[in-house]
Amino acid sequence: MSLPTLYQHYVSPKVNSGLYAKPDGFYLNGKKISLHSGALHYFRVPQAYWRDRLRKYRAAGLNAVETYVPWNLHEPLRDVFDFGDGDNDFSDFLDVVKFIKIAQEEDLFVIVRPGPYICAEWDFGGLPSWILNEEGLKLRTSEPKYMKRVTDYFNKLLPLFTDLQFTKGGPIIAFQIENEYGSVEEDGTVPDIEYLKQLKDLFVNHGLVEMFFTSDTPTLHRDAGSLPGVLQMANFKVDPEKELNLLKELQPNHPAMVMEYWTGWFDHWLEPYHSIEPVHVYADVLERILSFPSSVNFYMFHGGTNFGFMNGANVFENYQADVTSYDYDSPITEAGDYTPKYHKTKEILAKYQTVITKLPDLPAESSKVAYPTLKIFGHLDFEDILDQLPADLKVKLSNVTNMENLPIKNGNGQSYGYINYRKKVTLKTASTLKISGYVQDTAMVLVDGELKSKPLETEEDINGFGYWMQKDAELTLNSDKAGEKTLDIIVENWGRVNFGVLANFDQRKGLWQGPVYVDDKELKDWEIYALEFDSKWAKSLTNWKLGPPSISTRGPSVSRFVINLALPQDTFIDLRGWTKGLVFVNGFNLGRYCHLGPTRTLYLPAPLLKKGQNEILVFEHFKSDIELSFLDYPILGDLKP
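These lines cover the structure that appears in this document, whether it is placed above or below. (Residues numbered from 1 in each chain as written. Predicted model: local features only at pLDDT ≥ 70, side-chain atom pairs only at ≥ 80, totals over all residues. Heavy atoms only, no water.)

### Comments concerning the overall build of the chain
- Across its full length, the chain carries 13 helices and 33 strands.
- Its C-alpha atoms give the chain a radius of gyration of 25 Å, within 12% of the compact-globule value 26 Å for 641 residues.
- With respect to the principal axes defined by its C-alpha atoms, the chain has extents near 85 × 55 × 45 Å.
- Relative to its 641 residues, the chain shows a buried fraction of 62%.
- Of all intrachain contacts in the chain linking residues separated by at least 6 positions in sequence, the fraction that spans at least 24 positions is 79%.
- Accessible surface for the chain amounts to roughly 23600 Å². Of this, 50% is attributable to carbon and sulfur atoms. (Helix = DSSP H or I, 4+ residues; strand = E, 2+ residues; numbered from the N terminus. Rg over C-alpha atoms; globule rule 2.2 N^0.38 Å. Buried < 20%, exposed > 50% of the residue type's maximum accessible area, 1.4 Å probe, protein only. Contact = heavy atoms within 4.5 Å. Areas by Shrake-Rupley, 256 points an atom, 1.4 Å probe, with all protein chains shown as cover.)

### Section: the pairing of strand S18 (residues 430–435)
- Where burial is concerned, the two faces of S18 differ: the one with Ser-431, Leu-433 and Ile-435 is buried and the one with Ala-430, Thr-432 and Lys-434 is not.
- Sheet analysis places S18 next to strand S21 (residues 474–478), joined by 5 bridges and oriented antiparallel. Note that in S21 the partner of Ser-431 across the bridge is Leu-477.
- As judged from the 3 bridges shared by S18 and strand S23 (residues 516–518), these two strands associate in the antiparallel manner. In the strand pairing of S23, Lys-434 is matched with Tyr-517. (Pairing = 2+ DSSP bridges.)

### Quick look at helix H11 (residues 340–352)
- In a regular helix each residue adds 1.5 Å, so 13 residues correspond to 18 Å; H11 covers 19 Å between its end C-alpha atoms and thus fits that length.
- Residues of H11 that are buried include every one of Lys-341, Tyr-342, Thr-345, Ile-348 and Leu-349, and no others. For H11, the buried positions fall inside an angular range of 130° around the axis, keeping them on one side. Pointing more than 90 degrees away from the buried face of H11 are the exposed residues Pro-340, Ala-350 and Lys-351. (Expected span 1.5 Å × (residues − 1). Arc of directions from axis to C-beta.)

### Brief notes about the nonpolar core
- Among the nonpolar cores identified, the biggest contains 191 residues, and Tyr-146, Phe-161, Leu-487, Ile-489, Phe-533, Val-583 and Leu-628 are the most heavily contacted of them.
- Look past the residues within four positions of Phe-533 in its chain and what remains in contact with it is Phe-309, Ile-385, Tyr-418, Leu-582, Phe-584, Asn-589 and Phe-619.
- Judged by nonpolar contacts, the second largest core, of 21 residues, contains Ile-33, Ile-111, Ile-173 and Ala-174. (Core = buried A, V, L, I, M, F, W, Y, C linked by side-chain atoms within 4.5 Å.)

### Some words on the pattern of salt bridges
- Counted by the stated rule, this structure contains 43 salt bridges.
- With a shortest N-O distance of 3.0 Å, Glu-260 and Arg-113 are connected by a salt bridge. Taken together, the residues Glu-260 in strand S10 (residues 257–262) and Arg-113 in strand S6 (residues 109–113) connect sequence positions 147 residues apart.
- The exposure class assigned to Arg-113 is buried, which follows from its relative accessible area of 0%.
- For Lys-341, the salt bridge goes to Asp-329, with nearest N and O atoms at 2.9 Å. Taken together, the positions of Lys-341 in helix H11 and Asp-329 in the loop between strand S13 (320–321) and H11 put the pair 12 residues apart, joining distant regions of the chain.
- Exposure remark for Asp-329: the relative accessible area of 17% places this residue in the buried category.
- Salt bridges here are not isolated pairs; linked through shared partners, they connect Arg-78, Asp-79, Glu-134, Lys-148, Arg-149 and Asp-152. (Salt bridge = Lys/Arg side-chain N within 4 Å of Asp/Glu carboxyl O.)

### Some words on the layout of surface pockets
- Its volume calculated, the largest pocket comes out at about 690 Å³.
- Around the largest pocket sit 29 residues that line it, and Asn-88, Asp-89, Lys-409, Glu-532 and Asp-534 are the ones nearest its centre.
- When residues of the lining of the largest pocket are traced back to their parent elements, those giving at least two are helix H3 (71–74) and helix H13 (535–540).
- For the lining of the largest pocket, the per-class residue count stands at 15 nonpolar, 6 polar and 8 charged.
- Space inside the second largest pocket adds up to approximately 440 Å³.
- Taken together, 28 residues line the second largest pocket, and the ones lying closest to its centre are Glu-180, Thr-217, Trp-262, Trp-265 and Phe-499.
- The set of elements that each furnish at least two residues to the lining of the second largest pocket consists of helix H8 (218–221), strand S9 (231–236), helix H9 (240–250) and S10.
- Examining the composition of the lining of the second largest pocket, we find that 3 residues originate from one element, H8, more than from any other. (1 Å grid on protein atoms, 1.4 Å probe; cavity = no way out; pocket = protein on both sides within 12 Å on 5 of 7 lines; lining within 4 Å. Points joined across faces, edges and corners; volume = space filled by probe spheres on them. Nonpolar A, V, L, I, M, F, W, Y, C, P; charged D, E, K, R; others polar.)

### What about unusual backbone geometry?
- For the bond from Ser-12 to Pro-13, the omega torsion is -5°, close enough to zero to count as cis.
- Along the chain, Pro-13 turns up in the loop between helix H1 (6–11) and strand S1 (19–22).
- Positive phi, close to 55°, is recorded for Glu-121, a residue that is not glycine.
- In this structure Glu-121 comes out as buried when scored by relative accessible area, which is 6%.
- One non-glycine residue, Glu-180, lies in positive phi territory at about 45°.
- Judged by relative accessible area, which is 10%, Glu-180 ranks as buried.

### Some points on the packing of aromatic side chains
- For the structure shown, the criterion picks out 52 aromatic pairs.
- Ring centres 5.8 Å apart and planes at 10° place the aromatic pair Tyr-20 and Tyr-27 in the stacked group.
- On the basis of relative accessible area, Tyr-20 is assigned to the partly exposed category, the value being 31%.
- Judged by centre distance (5.6 Å) and plane angle (80°), the ring pair of Tyr-299 and Tyr-328 falls under edge-to-face. With Tyr-299 in strand S11 (residues 295–299) and Tyr-328 in the loop between S13 and H11, this residue pair connects regions lying 29 residues apart in the sequence. Both residues of the pair, Tyr-299 and Tyr-328, count as buried.
- Stacked on the ring of Tyr-326, the Lys or Arg Arg-44 has its end atom at 3.7 Å from the ring centre.
- Positioned over the ring face of Tyr-338 is Lys-56, at 5.4 Å from the centre of the ring. (Phe/Tyr/Trp six-rings, centres within 6.5 Å; stacked < 30°, edge-to-face > 60°. Lys NZ or Arg CZ within 6 Å of the ring centre and 35° of its normal.)

What follows is the structure, given as structure tokens:
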């Protein structure tokens with residue numbers, strides 16, 4: 001007799017109830033269920049690979065997939081929404097309804113965490129940057145301006161889930177309210193429980209009827225981010241008994257579930273090592289979670305990639321931007337491959353899954369290829385880049401300001417990328433430039449197109465001029481002769497902080513903390529360029545100069561490479577010969593690189609390539625290489641001895 005699928009077991013003979021909790025465990029449609037779920041963020045994986053990844057989840061013995069929903073991608077401009085039907089860089093990643101339906105087709109239940117704040121090591125925790133230019137708005141509170149924005153967004157988002165709920169014939173079994181809200185208390189702030197109540201009311205008013213829950217780390221925040229009558233779940237990496245016993249103490253007569261069992265960890269730029277969690281340590285904690293007994297959601301089971309400018313950042317001590325790879329040392333690698341952790345997970349879950357259902361065979365891994373090394377085809381210098389910027393992204397203002405407050409894009413400001421502040425100045429042979437406050441986040445200074453600030457060569461350089469560590473930083477501008485010069489200050493948004501207390505969420509980028517001075521004279525009347533570097537811009541570039549930039553040139557440039565392919569396959573771009581910048585493939589922003597690591601490659605999935613001619617652009621901050629190489633494996637960084 002063949003085994004039933006998950007849905008055959010739990011739907012038969014008909015659906016009478018969804019997921020609910022009793023003292024002895026979870027029940028779905030009146031039948032006992034141990035939830036073994038894994039996080040997968042549809043916005044971090046090309047749509048063409050969704051089914052492959054989901055099938056690998058099911059083949060491991062998982063019975064559910066969990067996903068966040070990123071507000072910043074789904075409402076990229078105020079009142080402009082994109083659920084896969086837009087004309088934005090990420091539109092092909094955003095059909096969340098299709099993702100959820102594929103999960104059901106692959107015999108998985110779905111847990112949705114719609115935010116509005118998601119953390120996720122994602123830029124600004126998924127909050128849209130335009131929200132920063134609304135005066136008086138208080139993020140993650142019941143303040144009316146913020147709640148109006150959340151309500152407008154949820155009025156578009158939540159109806160998409162109504163008919164996808166389990167009790168309506170769909171796969172969704174649970175929804176999370178906000179995300180780790182207890183963490184806002186770390187500086188003494190009292191969590192705004194009215195805010196959580198209003199979010200719950202929005203869920204209910206839009207017909208969401210499946211189980212609601214919150215999640216936090218019990219030993220850090222106890223029930224500070226919870227709501228009465230709403231199930232609490234736990235997030236942690238170690239000490240499962242300590243966390244789960246406290247969870248049971250906080251809510252007696254309820255079953256335990258770990259919403260985030262951290263299977264590995266993420267990396268920051270400039271860290272010396274790639275973070276890993278050894279298999280035996282990971283497996284030991286997993287066994288102890290399951291034997292407690294507790295249900296579990298693996299965060300992450302497959303991490304994917306922080307494509308484009310979507311990496312987040314942290315301020316654990318000082319500002320640290322997250323790398324492009326979100327491999328996370330997960331059971332499934334960034335490129336979709338199995339690991340020893342995957343096979344160990346499958347083995348352990350088989351011991352604890354009391355309901356035996358049909359599992360698919362393990363899907364094959366994608367082939368990886370190292371394409372031949374490419375020679376540079378052409379380049380554009382920084383002045384060429386500015387010349388080709390659309391006129392509506394250039395403004396004149398009396399004072400420097402943050403990118404989010406630029407009067408562009410119908411009041412939405414600039415979201416991502418770089419912002420250039422240009423001014424004609426009279427310089428002596430040795431003049432002093434001073435930037436008030438802190439740079440958010442890095443700055444390059446050019447005088448008549450020549451780089452004057454120090455390139456990022458060592459980790460120590462971030463303590464000097466042009467980086468976020470030094471307040472009121474000064475730079476000597478040496479010139480062969482005095483006179484009028486063109487000053488450019490190019491500021492990079494390296495990623496907005498995605499976690500912390502509410503004070504950490506003032507994530508305005510650029511120069512905005514005070515005036516800029518030359519020789520103690522305040523500079524006024526700036527030309528400001530919003531360098532968002534989106535797909536339309538990348539595809540529009542023309543008038544390429546043949547060959548590489550001049551050997552003597554140190555400063556920003558774009559290099560163009562072309563590769564013809566008969567069969568696109570997964571590959572990794574090797575950036576070890578480059579310093580710092582971005583890579584675009586057929587107009588799509590693959591993400592950032594930095595020679596200080598730990599990551600030294602960028603994953604290039606086959607769906608971003610095409611048969612025939614492919615264009616690869618590299619925007620380099622300091623000094624371009626003349627070649628671009630590929631590998632059939634990633635370099636995620638050295639491992640700690």
